[in-house]
Amino acid sequence: MARLTFGIPVYNGERYLESALASVREQNESDIRIVISDNGSTDGTQEICRAAAVQDDRIGYHRYEDNRGGIWNYQNVLALCETELFSWMAADDIKLPDFTRATIEALDEGGSDTAFACPRTRIINGQGVIYEDLNDADMGLNAATAHERVRNMLRAQASHPMYGVIRMSALRKTRGVRSVLGDDMVLLVELLCAGKMATAPEQLFLQRRHDAQVSVQGSEASAWFAPGQRGDRSFAETRTNIEMYRGVAHSELPFSEKLRTWSTLGPSWVFPRWRAMARDAANAIGMNPGTGRLRAQQQAQAAAHAEAGDSGEATVR
């Protein structure tokens, strides 16, 4: 029986889906399962998935006629997993062929108290150009205590390990993906309360960042979580903070370690992000304080390239 399932939640993902799906099908460790949950897509997603499923019997394609929201879709691929290990695969990312081998080796070497593993990560843009190498060789997520691991992750603002390989036994100790803007960070807090993260030294995960993704849409992204929800009233950042505290409370940590972990949330995450809570209030009264850090970074990069006459690196795919 396969040890690992890749879960691909998708909604109208035709732009990047073929390359994302090909990247998991081309893993050097072929004994895997691939589960796709199509959340009522209205573009060419269904045709792409059905064609791939005909070609590859490792793929299970599940289509739902109604869009139930992104959180439901992320939870659904997890519910469809029947293997020991699980890895979310966003429909716009790329996992290089050695991803499965390297992460499972790191997980096995880490032992039973290692909840998940992730390789080093590079960032690509909408055209597949690599424009950032993350400084993630040693983020301290294998520290001996939960409060140290959580503190280190929050200070690094390292959300990408959610897309590593996770033990299902550790995921069952969490509340799953929560319906908040920072769902990835909340889940990682809960996973780090359950155990350590091992790092595979190779750069095998290419995470794509582009203008259409949820993380750059601010309060408007609430419709992705729950279609029909009013983003300007969602208090997205504030709710993320609350869910982090609740996640620690839900964990199986001794009460003394829960107290230590709670005490790290304020200085490591909540207090430095007071502007985010101010944006919640601004959104609630109809103000638009901006579209997010990523867009500002991309504009600065584009301006720098234009000034230097530089067209960027060669594309990955």
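That block above? That's the structure.
Peer 1: I would appreciate a short explanation of the pairing of strand 9 (residues 196-208) in the present structure.
Peer 2: Each regular strand carries side chains that alternate between the two faces of the sheet. The pairing of strand 5 (residues 94-95) with strand 9 spans two bridges and is classified as antiparallel. Along strand 9, the bridge assignment pairs Lys95 with Phe205. Examined bridge by bridge, strand 6 (residues 114-124) and strand 9 share ten bridges and lie parallel to one another. Residue pairing for strand 9: Pro119 is matched across the bridge by Ala200.

Peer 1: I'm lost on the packing of helix 9 (residues 236-250) against helix 10 (residues 255-270) in this one. Help?
Peer 2: Two quantities define a packed helix pair, namely the angle between the axes and the distance from one axis to the other. The contact between helix 9 and helix 10 brings their axes to 9 Å, and the two run at 160°. Considering their axes alone, helix 9 and helix 10 lie roughly antiparallel with respect to each other. Every pair of crossing elements has a handedness; the one defined by helix 9 and helix 10 is right-handed. In this structure, helix 9 contributes Thr240, Asn241, Met244, Tyr245, Val248 and Ala249 to the contact, and helix 10 contributes Lys258, Thr261, Trp262, Leu265, Gly266, Trp269 and Val270. For the contact of helix 9 with helix 10, the class distribution of residues is eight nonpolar, four polar and one charged.

Peer 1: How should I be thinking about the environment of Ile71 in this particular structure?
Peer 2: Take Ile71: it is sitting in helix 3 (residues 70-79). The class of Ile71 is buried, set by a relative accessible area of 8%. It is 9.6 Å that separates the C-alpha atoms of Ile71 and Gly176, two residues lying 105 residues apart in sequence.

Peer 1: Sorry if this is basic, but what is going on with unusual backbone geometry here?
Peer 2: Apart from glycine, the bulk of residues carry a negative phi angle, and the bulk of peptide bonds sit in the trans form. The backbone phi angle of Asn12 is positive, close to 50°, even though this residue is not glycine. When you line up the elements, Asn12 lands in the loop between strand 1 (4-10) and helix 1 (14-25). Judged by its relative accessible area of 30%, Asn12 falls in the partly exposed class. Positive phi outside glycine occurs at Gln157, with the angle close to 50°. Along the chain, Gln157 falls in the loop between helix 5 (146-156) and strand 8 (165-167).

Thresholds applied
- Note on numbering: residues in each chain are counted from 1, in written sequence order.
- Where totals are concerned, whole chains, interfaces and linings use all residues; where local detail is concerned, this predicted model gives features only for residues with pLDDT of at least 70, and gives and counts side-chain atom pairs only at 80 or more.
- Working from all heavy atoms in the structure, the side-chain values ignore hydrogens and water.
- Pairing between two strands requires that DSSP report at least two bridges joining them.
- Strands here mean DSSP runs of E at least two residues long; helices mean DSSP runs of H or I at least four residues long; both are numbered from the N terminus.
- Every axis corresponds to a line fitted to the C-alpha atoms, with the helix fit spanning only the stretch in contact, and the corresponding angles, defined between N-to-C directions, vary from 0 to 180 degrees.
- Angles below 35 degrees are treated as roughly parallel, those above 145 as roughly antiparallel, those between 65 and 115 as roughly perpendicular, and all remaining angles as oblique.
- Here is the rule for handedness: rotate from the far helix to the near one, and if that takes an anticlockwise turn smaller than a right angle the crossing is left-handed, while a clockwise turn gives right-handed.
- Two residues qualify as a contact provided that any one of their heavy atoms is within 4.5 Å of a heavy atom in the partner residue.
- Under the scheme applied here, ten amino acids are nonpolar (Ala, Val, Leu, Ile, Met, Phe, Trp, Tyr, Cys and Pro), four are charged (Asp, Glu, Lys and Arg), and all others, including Gly, are polar.
- Exposure classes here rest on a 1.4 Å probe applied to the protein chains alone. A residue is buried below 20% of its type maximum, exposed above 50%, and partly exposed in between.

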